[in-house]
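Survey of secondary and tertiary structure
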Amino acid sequence: MCGIMGYVGHRGASERLLEGLRRLEYRGYDSAGLATLGSGHALHVRKQAGRIAELASDVAARPAGGSTGIAHTRWATHGAATRQNAHPHLGGNGVLALAHNGVIENFQPLKEHLQTAGFQFRSETDSEVIAHLVAEGLRAQQRELAGTPAADVYESLVRAVSGALSQLRGTYGVALVFRDWPELIIAARLGSPLVVGVGQGEHYLASDGAALAPFTDKIVYLADHQIAVVTPDRLRVVQRDGATVRHGVERLVAGQEDGGLDGYPHYMLKEICEQPRSLTNALRGRLNDDDATAVFGGLNLTPQQLRRVKRIILTACGTSWHAALVGEYLIEELARIPVEVEYASELRYRNPPLGEDTLLFAVTQSGETADTLAALREMKRKGLHTLAICNVVGSTISHEADGGIYLHAGPEIGVASTKAFTSQCAVLALLALYLGRLNDLSFARGTRIIEALRRLPEQVETALETDAQVRELAARYGSARNFLYLGRQINFPTALEGALKLKEISYLHAEGYPAAEMKHGPIALVDQDTPAVFLVPRDSVYDKVRSNIQEVRARGGPVIAVGTAGDRELPQLADDVILVPAVEDFLTPLVHVIPLQLLAYHIAVSRGCDVDKPRNLAKSVTVE
Ligand code: G6P
């Protein structure tokens, strides 16, 4: 979702801004822009609807000079994805330019007030009010500013910015440059991430640390309510009330940067194929054979405290929510602790009864999803110990949780999450094992689970060999308009995830359902043009799912079954069968999801869709 980039230094700003924007591209956006400051009190603003490549062509044709600037990728919320609505927005008559991530809920009354005060709006966005509010603050201080030494001017500018921010209700990450002070960026955040990169006589700003990887590995994470005053040689961080904050400089963890396509046509395919490795990394160092358990370094809870846990809430959005559903089965089965899975967007506004013995896990790839962050904060406020299962090291959720487990899956760039899902499931399986062994899971069962987890990366590698067959199925079924995905028990979430993958990247309608529940509605959709993808591992509900397949066949619906290698009965039942390796029941989602990821991918490619940047979607959803 929206990305911010900034540069203040001694080199050309626009090249660095464009490079940074390209690295934020994966988050999802529909327009882009930048503003640089040249000498002679001139702001150069370039904006384009569409891709960064179009903005880059514009800048090549009409260079935006200067060594200070801000840039933005916008994912439309208020107002269409047009050039006018793209950021940066000018404040007042062009005294400043602003880029904003987030949503301003009270923008309408603020806009009316500003219009009455004579400010002219050039866009339909909520963000533009911030630019004018700061300009209004500056106007009030105009007399003081004339002839004042630079350092004192900066204080006044910060006052104008904080005065504007204090009027806002909502979330923001903002970056501002000022026409008359060309070596300065002021940035601030509330609920929307921002980091400052420290260079030699230069500073960078970004909404995502990974975007700074080519420039510097020294990072300062801004916290909510902080304002950064950034010049080439100095970074000062203050609280919104003006108090100076001592900021720590952290190292950007290696391996978080985008490693490129590596010969693959799309990041999504690369990430699907990376899963044997990402799973190995999720398990590395976390299996303890001597005690038949898992090992975690960062839960920040003693075994005694964990033994007292009577209830677990898993909260998440999107694909991570599906992984959490898998986690529910795993934890209840292996650790016998009741689990609830809550959409973060719902949990944040609910008021469930909570006890001291309840533990909250936020499951999130990015660690930045606005709803997941808000749900975590709400539960923390209510006194719960909060933990994160997260991929991005240093993300806001990983900072704010009381402890957690990293996925170590490496950067996931494709908007449709694939390797993060399997890594989340693997980590949740480790967690279930660990909690189980603290309670009454036997040593022998623990050992079998460890052995099963160890075999997993290789089995996923084998499941990837279905690619050619899946591609052929995609060619045959790709013209269908509706798909059903059906599974039972722990593979009900797998069905949801398969359907979500197809929807996200191919724009086809797909529904995931518990295979037996289908009779209570979706069965009405079954006809010869609606393929049903069944998940049919050789598990405890195998015979039940076979009956559900019969129900679809009896109504003329084509059936694709994802089953277990060696299953001779399935080919007699289904039109097409994809076989993946046999694994323990509790790990079946991790291998059965592989052909579903590939099916969505190949159907989307055959339909000519932009697989890595599907329309309307964002990788990191930083607005509510
Ligand atoms: C967006 C992404 C999804 C992702 C969801 C939750 O919608 O497009 O792929 O599953 O956000 O993101 P998170 O980073 O919290 O896992």
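What you see is a predicted model; the values in this text were computed from it and never measured.

1. Remarks on the sheet that holds strand 22 (residues 403-406)
- The strand order 19-18-20-21-22 describes an open sheet built from 5 strands, whose pairing is parallel. Two strands in the sheet have a free side with no partner beyond their single neighbour: strand 19 (339-343) and strand 22. Taking each pair of neighbouring strands and ignoring which way they run, the sheet shows an average axis angle of 20 degrees.
- By the bridge criterion, 5 bridges tie strand 18 (residues 311-316) to strand 19 in an arrangement that is parallel. If you follow Thr315 over to strand 19, its bridge partner there is Glu342.
- This element, helix 10 (residues 318-335), spans strand 18, strand 19 and strand 20 (358-364) of the sheet and lies at about 170 degrees to strand 19.

2. Details of the packing of helix 3 (residues 107-116) against helix 4 (residues 128-140)
- Where helix 3 contacts helix 4, the two axes come as close as 10 Å, and the packing angle between them is 45 degrees. Relative to helix 4, helix 3 is oriented oblique. At the point where helix 3 passes helix 4, the crossing takes the left-handed sense. Only Val129, His132, Leu133 and Glu136 of helix 4 make contact with helix 3, whose side of the interface consists of Phe107, Leu110, Lys111, His113 and Leu114.
- In terms of residue class, the contact of helix 3 with helix 4 is made up of 5 nonpolar, 2 polar and 2 charged.

3. What to know about the site of the ligand
- Surrounding the ligand, one finds 13 residues, the nearest of these being Ser320, Thr364, Gln365, Ser366 and Thr369.
- For the ligand, an oxygen atom lies 2.9 Å from a polar atom in the backbone of Thr319.
- Ser320 has a polar side-chain atom sitting 2.5 Å from an oxygen atom of the ligand.
- Protein chains bury 91% of the 390 Å² of accessible surface belonging to the ligand in isolation.

4. Let's talk about the pairing of strand 3 (residues 42-49)
- As defined by bridge partners, strand 2 (residues 31-38) adjoins strand 3 across 8 bridges and the pair is classed as antiparallel. Note on strand 3: the bridge partner recorded for Ala32 is Gln48.
- Hairpin remark: strand 2 followed by strand 3, antiparallel, with 3 residues in the connecting loop; positive phi at Gly40, about 75 degrees.

5. Overview of the pattern of salt bridges
- Using the criterion set out here, one finds 32 salt bridges in the structure.
- A salt bridge links Arg51 to Asp610; the shortest N-O distance between them is 3.5 Å. Linking Arg51 in the loop between strand 3 and helix 2 (52-61) with Asp610 in the segment after helix 20 (588-606), this pair joins segments that are 559 residues apart in sequence.
- Of the charged contacts, one joins Glu551 and Lys519 as a salt bridge, the two residues approaching to 3.9 Å between their closest N and O atoms. Linking Glu551 in helix 18 (residues 542-553) with Lys519 in the loop between strand 24 (509-514) and strand 25 (532-536), this pair joins segments that are 32 residues apart in sequence.
- Connected through shared salt-bridge partners, Arg189, Asp224, Arg377 and Glu400 make up one network.

6. What about the environment of Ser442?
- By the element assignment, Ser442 lies in the loop between helix 14 (419-438) and helix 15 (443-464).
- For Ser442, a relative accessible area of 38% gives the class partly exposed.
- Between the C-alpha atoms of Ser442 and Leu334, which are 108 residues apart in sequence, the distance is 9.9 Å.

Thresholds, definitions, all that
Residues numbered from 1 in each chain as written. Predicted model: local features only at pLDDT ≥ 70, side-chain atom pairs only at ≥ 80, totals over all residues. Heavy atoms only, no water. Pairing = 2+ DSSP bridges. Helix = DSSP H or I, 4+ residues; strand = E, 2+ residues; numbered from the N terminus. Axes fitted to C-alpha atoms, helices over the stretch in contact; angles between N-to-C directions. Contact = heavy atoms within 4.5 Å. Parallel < 35°, antiparallel > 145°, perpendicular 65-115°, else oblique. Left-handed = near helix turned anticlockwise from the far one by under 90°. Nonpolar A, V, L, I, M, F, W, Y, C, P; charged D, E, K, R; others polar. Near = heavy atom within 4 Å. Polar contact = N/O pair within 3.5 Å; in protein donor to acceptor, adjacent residues only side chain to side chain. Areas by Shrake-Rupley, 256 points an atom, 1.4 Å probe, with all protein chains shown as cover. Salt bridge = Lys/Arg side-chain N within 4 Å of Asp/Glu carboxyl O. Buried < 20%, exposed > 50% of the residue type's maximum accessible area, 1.4 Å probe, protein only.

All we've got here are geometric facts, nothing functional implied.
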